[in-house]
Structure formats: structure tokens, C-alpha cells
Amino acid sequence: MPKPPLRIALFVRSWNDRIRPVHAEISDLLSQRDDAELVGTITPDDPAARIDADLLIVLGGDGAILSASRLLGAKAVPVLGINLGRLGFLADLQPEDFRDNLDDICGGRFQTIDHLMMECTHRHEDGSREAYLALNEVVVHSGASLRMLDLELLIDGDQVASFSGDGLIVSTPIGSTAHSLSAGGPILRQTLAAFVVTPINPHTLTNRPLVDSADCRFELLFPRETDGVVAVFDGQVRVEIRAGDSLVIRKSPVPFQMARLKGHSYYSTLHRKLGWGSQPRYRTREADE
């Protein structure tokens, strides 16, 4: 009995002159194949639940993948990113890589890796609440006030530390190579079940990044009122924080599924995109002489 065609959906966060021709080319390539079925294209304005797909191909940069991860929500679909942005750490395939690996992609010959997402609940002083999903991180910072921010961290109900500074980052392993890394946080293997807590410009020298199990309950408290404090999820969703509010961060029950092709590993991406682990390029002795 023949294998049913792989149902593929495309995701576009926004249309521009780089996205349109690649979208047209990929659509044309997929329409010519018997082992794949293009079931549609979705954008952030469309409900992802309408599309029943085995693979979601994201056209754009890392921001497009972050947007797609929140849009999918509880619908676990492997995501393959084609980089049409700048860095392309998550979306690490170039359009030519897609063409060269089209047989493997349509044949389902790729590895699906589960990645941790975080579920963040914003609790207001009046008892109301909203929930947000994040693949990279939640960043709390003093915003436009330019004043020092005081906050407290509790893990599983135990008071862990008080922080004073410009803010705090709680990131997933995927997010450990994003904003947290630039703030001095550690690099975590993307499949670890852990969160990283990284202070932003802490006022106390003893405040250092902290890694703890993602099975714990992380809670951020804001004991003092400071105008302009905001929480930003994945650099895309921004909410205002007021005195008496709290943020509760837990592991999302649904993982983010990343499709990886052969030869595209986590550490190879660190080497190619961030230059991590490389030795300095020394001149030869002959050149010195």
C-alpha cells in the first residue's frame, strides 16, 4: 500500500519582496510532487487549527518561527524554518538547502526534536489573569522609566533571591542563545528540561545566572511600584506590569517540535551562526618572519 503524501503547510509572518518569490517557488515545487501535498499558507491572522498538516515550513527568520510557535499553541506540528531574515539560528536552512533536500523532506526523512516552551501567567493585583506562551524567554525590564527595578524570585514557593537592576530574563534552552546569552547567561543544550534566570545589569555583584529544573514553578514578584515596567514575551508580545502583579512561569504541557535535516545539528549551528567554540586564526611562523 503506497505511503500517503506528506501534508505540508507554509507559514508567512509578513509578506515582503524576499518572501513572495520563495513562497511561489516552494509552492510550485511541492505541487509537482506525488509524495507531498501543499495544504495551504497561514499567517498570524489565521487560526492554525484550520490546517491539518504533518509539517509546517516557516518562511522568514527566527522571529517568524517564534510567532508560529505561539500560533500553533497546543497543536504540535514539526516546524522547518527557511531563513529569509538575518541570523537564522532557528530557521537555519537557506532556500537552496530546501531544494537540495526536497526528496528527504517530502519523504519524511528528518528528525523531529521536542523543545521546551514556557507558559507564563500574568496575575494582576485584582485577581484577573492572562496566559502567554513563549519559546525563547520572558524579559522583565524597567522600560522607559530608566529607574532601577526591584523584584523577587520564588521557585516552588521558596524565596530564592531579590534582584535590583535593569531587569531579569527567564529563558528556555532555545532562548539561552538569544537575549540571555547577550546578558551573560550560559549556553544550554536545547533539549535540556531547564530554565535559565539571568539578571540584566544587576546592582549586586553576587547576582549571577541560575539554572534550575523546568519542572519547578517560577514566580516573579514586584513589591514596589515602578512606572513603565514591562514584561516582553519572545520579543514580540509586551504587557505592562504594576505593583502587586506577579508572573508565574511553568513548563508548557505541549513542546515545540523542530524538524532537523541530516547535518544540521545544534552544535553545528552554534559554530556556523555564532562562531562559538572556534580557535583564533593565528598567522603562521613563516608569515611572522
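What counts as what
- Residues numbered from 1 in each chain as written.
- Predicted model: local features only at pLDDT ≥ 70, side-chain atom pairs only at ≥ 80, totals over all residues.
- Heavy atoms only, no water.
- Pairing = 2+ DSSP bridges.
- Helix = DSSP H or I, 4+ residues; strand = E, 2+ residues; numbered from the N terminus.
- Axes fitted to C-alpha atoms, helices over the stretch in contact; angles between N-to-C directions.
- Buried < 20%, exposed > 50% of the residue type's maximum accessible area, 1.4 Å probe, protein only.
- Contact = heavy atoms within 4.5 Å.
- Expected span 1.5 Å × (residues − 1).
- Arc of directions from axis to C-beta.
- Salt bridge = Lys/Arg side-chain N within 4 Å of Asp/Glu carboxyl O.
- Core = buried A, V, L, I, M, F, W, Y, C linked by side-chain atoms within 4.5 Å.
- Phe/Tyr/Trp six-rings, centres within 6.5 Å; stacked < 30°, edge-to-face > 60°.
- Right-handed = clockwise from strand over helix to strand, strands pointing away.

Peer 1: Sorry if this is basic, but what is going on with the sheet that holds strand β7 (residues 129-134) here?
Peer 2: With respect to topology, six strands assemble into an open sheet ordered β7-β6-β17-β14-β9-β10, the strand pairing being antiparallel. Of all strands in the sheet, those bounded by a partner on one side alone are β7 and β10 (158-165). Taken pair by pair, the neighbouring strands of this sheet meet at an average axis angle of 20°, ignoring direction. Summarising the sheet, strand β6 (residues 118-123) and β7 pair through six bridges and their orientation is antiparallel. Bridge pairing in β7 links Glu119 to Leu133.

Peer 1: What am I meant to see in the environment of Ala134 here?
Peer 2: Mapped onto the elements, Ala134 comes out in strand β7. The class for Ala134 is buried, based on a relative accessible area of 0%. For the pair formed by Ala134 and Met118, sequence separation is 16 residues and the distance between their alpha carbons is 5.3 Å. Non-local contacts of Ala134, meaning those with residues more than four positions away in its chain, are made with Met117, Met118, Thr172 and Asp234.

Peer 1: Help me out: how do you make sense of helix α1 (residues 19-31) in this one?
Peer 2: Each α-helix winds once per 3.6 residues, and so residues spaced three or four apart point in a common direction. Between its terminal C-alpha atoms α1 stretches 18 Å, which fits the 18 Å expected from 13 residues at 1.5 Å a residue. Those residues of α1 that fall on the buried side of the exposure criterion are Ile19, Val22, His23, Ile26, Ser27 and Leu30. Along the long axis of α1, the arc covered by the buried residues comes to 130°, so they all point the same way. In this structure, the buried residues of α1 make contact with β1 (6-12), β2 (36-42), β3 (55-60), β4 (79-83), α3 (95-100) and α4 (102-106).

Peer 1: Got a minute to help me understand the pairing of strand β11 (residues 167-171) in this structure?
Peer 2: Buried residues dominate β11, accounting for five of its five residues. Burial along β11 is two-sided: Gly167, Ile169 and Ser171 and Leu168 and Val170, pointing in opposite directions, are all buried.

Peer 1: Would you mind showing me how to read the pattern of salt bridges here?
Peer 2: A pair can form between side chains of opposite charge whenever their charged atoms are brought close. In the structure shown here, the tally under the stated rule is 10 salt bridges. The partner of Arg7 in a salt bridge is Asp52, and the shortest N-O contact between them spans 2.9 Å. One end of the pair, Arg7, is in strand β1; the other, Asp52, is in the loop between β2 and β3, and 45 residues separate them in sequence. Under the relative-accessibility criterion, Arg7 is labelled partly exposed at 27%. What makes Asp52 partly exposed here is its relative accessible area of 47%. The shortest N-O distance in the salt bridge between Lys251 and Asp215 comes to 2.8 Å.

Peer 1: Sorry, what's going on with the nonpolar core here?
Peer 2: Buried together is how nonpolar side chains tend to be arranged in soluble globular proteins. With 28 residues, the main nonpolar core has Val138, Val140, Leu220, Leu247 and Ile249 as its most contacted residues. Broken down by element, the residue count for this core peaks at four residues, all from strand β9 (residues 149-155). Sequence-distant contacts of Ile249, that is, excluding residues within four places in its chain, are made with Met118, Glu119, Cys120, Val138, Val170, Phe195, Cys216, Arg217, Phe218 and Leu220.

Peer 1: Would you explain the packing of aromatic side chains in this entry?
Peer 2: The geometry of an aromatic ring pair is captured by the separation of the ring centres together with the interplanar angle, meaning the angle of the planes. Tallied over the entire structure, the rule returns two aromatic pairs. Geometrically, the ring pair formed by Tyr132 and Phe233 is stacked, given 4.6 Å between the ring centres and 15° between the ring planes. Taken together, the positions of Tyr132 in strand β7 and Phe233 in strand β15 (residues 230-233) put the pair 101 residues apart, joining distant regions of the chain.

Peer 1: Could you clarify how one ought to interpret helix α2 (residues 62-72) in this entry?
Peer 2: With respect to burial, α2 is a largely interior element, eight of its 11 residues being buried. Inspection of α2 places Asp62, Ala64, Ile65, Leu66, Ser67, Ala68, Ser69 and Leu72 among the buried residues, and these make up the whole buried set. Taken together, the buried residues of α2 touch β1, β3, β4 and β18 (256-260). Residue Gly73 follows α2 closely and has a positive phi angle near 60°.

Peer 1: Help me out: how do you make sense of the pairing of β2 in this one?
Peer 2: Successive side chains on a regular strand alternate, one facing one side of the sheet and the next facing the other. Two strands pair when backbone bridges link them, and β1 and β2 are joined in this way by six bridges, in the parallel orientation. Paired with Leu10 across the two strands is Thr41, which belongs to β2. On the question of chirality, the crossover connecting β1 to the parallel β2 by way of α1 is right-handed.

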